[in-house]
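The primary structure of each chain is shown beneath.
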Amino acid sequence: VRDIFLPSNTEITCNVADQHRKGFHLFTQQQGCFQNVHPNHLQVYDMTMWPDLHPGGPANIEKWAESGSAFLQYSTSHVMQRWQDNKDTFVNLGRLGERIDFGDLSSGLQSSPA
């Protein structure tokens, strides 16, 4: 996952109608093919406290972990503004697949040695 930017000094521009589209593909001759995804796609968050705060109740959040999943599926019934309004509630730990130093985690996330 990486961000790409179209050069500002060319005639290539983004279409304003595409500003809120998602999932489309972009091909550049120099860099290849890319898929447009949400800016927080594959970000890893500590959501420990969210079940107690979730307006729909804890069960709607806990079911993902209880099924063995490390991913929380964002409900299609929620508007994206709901994510924007709440994402600062969660501690952003980094992007999936990146390394993080154990000492950089908050003490609440560090487990005791076995």
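A. Representation of the packing of aromatic side chains within the structure. In total, this model carries four aromatic pairs according to the counting rule given. Taking 5.4 Å as the distance between ring centres and 75° as the angle between the ring planes, the aromatic pair formed by Tyr45 and Trp83 counts as edge-to-face. Residue Tyr45 is located in strand 3 (residues 43-46), and its partner Trp83 is located in helix 3 (residues 80-86); the two are separated by 38 residues in the primary sequence. In this structure Tyr45 comes out as buried when scored by relative accessible area, which is 16%. On the basis of relative accessible area, Trp83 is assigned to the buried category, the value being 13%. Centroid distance Trp50 to Phe90: 5.2 Å. Interplanar angle 85°. Geometry classified as edge-to-face. Here the residue Trp50 occupies a position in helix 1 (residues 50-53), and Phe90 occupies one in the loop between helix 3 and strand 4 (91-95), the gap between them amounting to 40 residues.

Calculation rules
- Residues numbered from 1 in each chain as written.
- Predicted model: local features only at pLDDT ≥ 70, side-chain atom pairs only at ≥ 80, totals over all residues.
- Heavy atoms only, no water.
- Phe/Tyr/Trp six-rings, centres within 6.5 Å; stacked < 30°, edge-to-face > 60°.
- Helix = DSSP H or I, 4+ residues; strand = E, 2+ residues; numbered from the N terminus.
- Buried < 20%, exposed > 50% of the residue type's maximum accessible area, 1.4 Å probe, protein only.

Scope: geometric values only; no functional claims are made or implied.
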